[in-house]
Structure formats: structure tokens, C-alpha cells
Amino acid sequence: MTPAPDEKPSNSATPPGTQRLPADALCCQTCPSIQWTKMQMLRAIAREVRAPTALLLGATEILAGEEERLHPEHRRFLDLALAQANRLKRMLDDFGTAVEIYHGPAALDFQPVDLAQVVRECVREYQPRAEQKGLELSADVAPVVRVVGRRDLLHTALSALLDNAVKFTPEGYVRVRLTETAVLDVQDTGIGIPADKKDLIFEPFFQGHCHGGVGLGLGLVKRIVELHGGAVGVLCSTGKGSTFRICLPARES
């Protein structure tokens, strides 16, 4: 499933013989050396920041275990610190995953995985965030869906889709559906994706919305899915939500 091609931008304001492209498209599509440099920066950042992040996370988790001794106001600030420490750890994990799958070893250690179990786990993890925003997060998941792959990478891909769905849905719902044939849909009623950016959203470091981050999420999803022999696509309209679909080769029981 691929999005419909968008109209080409007008060339009226460009010199003869040239074509105007978005700055992000130039960076993502025609400058692989820039992508490589960014990956090396991510590798260096992850290496330097991982140790202090682990210490910060460990300290806040220890304090969180002393809940009965904390003033309610102090507990509120501690919960905030713990949430941000976990967010930083997830970012570092994504950095490491990006470096591994884009510039790491060609062979990955794939094993049988129950994709249904991974999906249910991810939905449980994002339920508190959805409830905090007043969103309905639901899942229709086949009992067992067997694929061959890396469980941690599949978890990363689905987490990225859920993270975007919850982040960019102001109200309404996020619905996850997994069929017995390993077709996974993540549907939301969010802000959608501008038509002129649909062809770029799966490029590494591309950001379709100005909400911070480094633009790794959907690029990681595409790379992970392709490493598993699958495909990913999106149906969306600006202001009318999005449906991302991942199709993976199902493994017979």
C-alpha cells in the first residue's frame, strides 16, 4: 500500500533547467554522506550520554520506591523526573537501533516471534499516555501471529507508530488491528500528514511536523520492516487522521 503521488511543485520561481525541492528532500534523498555524518553523531551522543542517563534513571527509580516517605508534592516532581529519564533512555535506545540497522552488521539474529504478544505489550505501554490525553486506545489482535525476526526491533517499530499516533492526535481515538496474516494497522483521528510530505515521511531524519525530536521514528519503521521482508505504507489526509499499515511475512505454526 503506497500513498497516491502528490503534485510536483511548480518550477516557476527556479532557474531554467532546475527543479525546486523541499530542503528536507534534498538532505534526505541526495546527500547520503550527510545521513552518514548524522548517524555518527548519534553514535557519539548515545555513547557519551548513556552512562549518566542510567545513573539518573537508577537514582529516580530508587527514590520512587520510597513513595510512602515522600511528600505528595515531592512525589509529583519525582514522577516527572522519572518519566523524562525514561524518555531519554528510549531516545538513546532509538539512536543505537538506528546506527545498528543502517550501518551495522548485514546479518541479524532472527528468531520465531509472536507478533500478537509484541502488539499487546506495546498497547499496554502506551495506554497511560493515551488516557492522559483523553484518547481511546484500543486493540483488535489475533490470538497468535507468528513471524520470524528480532523481537526488540519489531517492538521499536510498533512503538514508533504508536508514539506518533498518540502525539499527533489531539482528540478521538487510536486503534490497532493485527490480523492472522501479519497485517498490522495503526489508525488515528489525528492531524494527518500534509500531501506534499507523504513521499518523504519514511526518510531518515525527516520531520513532517515541528514537534521536536530528530526525525528517526518513521525512517526506523521502514528500515526495520524491510529487514523483516515486509512493507509499510500510509493512508492519510491533512486534518483527518492517518492509517499506517505494516505487512510482514507470516510464519506457519
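Residues numbered from 1 in each chain as written. Predicted model: local features only at pLDDT ≥ 70, side-chain atom pairs only at ≥ 80, totals over all residues. Heavy atoms only, no water.

1. Quick look at the overall build of the chain
Counting secondary structure elements, the chain contains six helices and seven strands. In sequence order, the chain lays out its α and β elements as α-α-α-β-α-β-β-α-β-β-α-β-β. Residues counted as buried form 39% of the 253 residues belonging to the chain. Just so you have it, the chain exposes about 14300 Å², and 55% of that area is on carbon and sulfur atoms. (Helix = DSSP H or I, 4+ residues; strand = E, 2+ residues; numbered from the N terminus. Buried < 20%, exposed > 50% of the residue type's maximum accessible area, 1.4 Å probe, protein only. Areas by Shrake-Rupley, 256 points an atom, 1.4 Å probe, with all protein chains shown as cover.)

2. What about unusual backbone geometry?
You will see that Ala182, though not glycine, has its phi angle at about 65 degrees, which is positive. With respect to the helices and strands, the residue Ala182 is situated in the loop between β4 (173-178) and β5 (183-188). By relative accessible area, which is 0% here, Ala182 ends up buried.

3. A word on helix α6 (residues 217-227)
Taken together, the buried positions of α6 are Leu218, Gly219, Leu220, Val221, Ile224 and Val225. Phi turns positive, to about 75 degrees, at Gly229, one or two residues after α6.

4. Focus: the confidence of the model for the chain
Detailed reading of the predicted model is not advised wherever pLDDT is low. Per-residue pLDDT for the chain has a mean of 78; in total, 74% of the residues score no lower than 70. Throughout residues 1-30 the model reports pLDDT below 50, and contacts reaching past four residues in sequence, or to other chains, amount to 39 contacts. (pLDDT = per-residue confidence, 0-100. Contact = heavy atoms within 4.5 Å.)

5. A closer look at the sheet that holds strand β7 (residues 242-247)
Strands in a sheet are paired, the pairing made by backbone hydrogen bonds, and the direction either parallel or antiparallel. Taken in spatial order, the five strands of this open sheet run β2-β4-β5-β7-β6, and their pairing is mixed. Edge positions in the sheet fall to β2 (136-141) and β6 (231-236), since each has one partner strand and no second. With strand direction ignored, the average angle separating the axes of adjacent strands in the sheet is 10 degrees. Bridge count between β5 and β7: six bridges; the pairing is antiparallel. Considered in β7, the bridge of Asp185 is made with Arg245. Set on the sheet, helix α4 (residues 115-132) makes contact with β2, β4 and β5; between it and β2 the angle comes to about 170 degrees. (Pairing = 2+ DSSP bridges. Axes fitted to C-alpha atoms, helices over the stretch in contact; angles between N-to-C directions.)

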